[in-house]
Amino acid sequence: MSDRPRIRVINPNSNEAVTRGIDDAVAPLRFVDGPEIVCATLAEGPFGIETQEHVESVALPLRRMVEADNASDAFVIACYSDPGLHACREGTTRPVFGIAECGVLTALARAERFGVIAILERSIARHMRYLRQMGLTDRLAGERPLGMSVAETASGEGTLSRMIEVGRALKDQDAANAIVMGCAGMARHRAPLEDALGIPVTMAIGAVQLSR
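Note that the coordinates shown come from a computational prediction; the quantities given were computed from them, not determined experimentally. (Residues numbered from 1 in each chain as written. Predicted model: local features only at pLDDT ≥ 70, side-chain atom pairs only at ≥ 80, totals over all residues. Heavy atoms only, no water.)

A short note on the pairing of strand β6 (residues 140-145)
Remember that side chains alternate between the two faces of the sheet whenever the strand is regular.
1) Next: When strand β5 (residues 114-118) meets β6, the two strands line up parallel, connected through 5 bridges. Looking at the pairing, G115 lines up with G142 of β6.
2) Next: Once you follow β5 into helix α6 (residues 123-134) and on to β6, the crossover reads as right-handed. (Pairing = 2+ DSSP bridges. Helix = DSSP H or I, 4+ residues; strand = E, 2+ residues; numbered from the N terminus. Right-handed = clockwise from strand over helix to strand, strands pointing away.)

Pasting the structure below:
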């Protein structure tokens, strides 16, 4: 059995293409003697988390998954709505990170104002509620939707070009100094998006490497 610390990254939807994209995105963070990073899919989750009902439906299954895992040293909930984050934290003494909370806080460490790329227009109200709870709306430059589903962002053609288009609007029109990706399905596009925009595009998992 390995003595390396283990980070479990949980995709709370049932779309394996999203999980593969997350796994590819964290590949550069795997290194010799570093933490083992294991990406998992919540099989009972919806195919994409796109509504408040979806968010609520996965909270308890996520907690059960976290409680049953005695091998991992930290967990990441890989969905921008941070579903079940506080329920999972109640269920373990180990750190549980949400990509929305971590992504936004990482952006604020690098820029004065951040912009968010959402998947759908209807997602924005849900995201805004969360930012108000965090007390961070005054640092939000804006949020704009791709007009794509979770599945389309993960595997559809044209996702990156649409993300660049929306990201440029956030940068040039809304004066965002950093971009937060509002869906884990976008994870594989982080590096090329950052190259295209010339401003930071944040991702939560890097913070976990330093948590120990």
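From this point on, the discussion continues.
Notes on the state of the cysteines
1) Next: With the rule as written, the count across this model stands at 0 disulfides.
2) Next: C88 takes part in no disulfide bond, and the closest cysteine sulfur to it belongs to C79, at a distance of 12 Å.
3) Next: A relative accessible area of 0% places C88 in the buried class.
4) Next: Cysteine C183 is unpaired, with the sulfur of C79 as its nearest cysteine sulfur at 6.9 Å. (Disulfide = S-S within 2.5 Å. Buried < 20%, exposed > 50% of the residue type's maximum accessible area, 1.4 Å probe, protein only.)

Section: the nonpolar core
1) Next: Counting residues in hydrophobic clusters, the biggest one holds 37 residues, and the most contacted among them are V9, I22, I117, L146, I179, M186 and L193.
2) Next: If we ignore the near neighbours within four places in the chain, the residues touching I179 are G115, I117, G167, L170, L197, I199, P200, V201 and T202.
3) Next: Residues L42, F75, C88 and A100 belong to the second largest nonpolar core, which totals 28 residues. (Core = buried A, V, L, I, M, F, W, Y, C linked by side-chain atoms within 4.5 Å. Contact = heavy atoms within 4.5 Å.)

Digging into the sheet that holds β6
1) Next: Strands sit in the order β6-β5-β7-β8 across an open sheet of 4 strands; the sheet is parallel. Each edge of the open sheet carries a strand with a single partner, namely β6 and β8 (201-202).
2) Next: Judged from the 4 bridges that link them, β5 and strand β7 (residues 178-181) form a sheet pairing that is parallel. In the sheet register, V116 faces β7, and the bridge partner there is V180.
3) Next: Against the sheet, α6 engages β5 and β6, with an angle of about 155° to β6.
4) Next: On the sheet, helix α8 (residues 159-172) packs against β5, β6 and β7 and is oriented at approximately 150° with respect to β6. (Axes fitted to C-alpha atoms, helices over the stretch in contact; angles between N-to-C directions.)

What about the confidence of the model for the protein chain?
1) Next: Here the protein chain averages 91 in pLDDT, and 94% of its residues register 70 or above.
2) Next: Note on residues 206-212: pLDDT is under 50 here. Beyond four places in sequence and across chains, it has 13 contacts. (pLDDT = per-residue confidence, 0-100.)

Topic: the pairing of β7
1) Next: Of the two faces of β7, the one lined by A178 and V180 and the one lined by I179 and M181 are each fully buried.
2) Next: Bridge count for β7 against β8 is 2 bridges, and the pairing is parallel. Across the sheet, residue V180 finds its bridge partner in β8, namely T202.
3) Next: In this fold, β7 hands off to helix α9 (residues 190-197), which returns the chain to β8; that crossover is right-handed.

Points about the pattern of salt bridges
1) Next: The final tally for this structure, using the stated rule, is 11 salt bridges.
2) Next: With its nearest N and O atoms 3.4 Å apart, the salt bridge here joins R6 to D69. Placement of the pair is R6 in strand β1 (residues 6-11) and D69 in the loop between α3 (59-68) and β3 (74-77), with a sequence separation of 63 residues.
3) Next: By relative accessible area, D69 is classed as buried at 5%.
4) Next: In this structure, E90 and R63 form a salt bridge, with 3.5 Å as the shortest nitrogen-oxygen distance. Of this pair, E90 sits in helix α4 (residues 85-90) while R63 is found in helix α3, placing the two residues 27 residues apart along the sequence.
5) Next: Exposure remark for E90: the relative accessible area of 65% places this residue in the exposed category.
6) Next: For R63, a relative accessible area of 22% corresponds to the partly exposed category. (Salt bridge = Lys/Arg side-chain N within 4 Å of Asp/Glu carboxyl O.)

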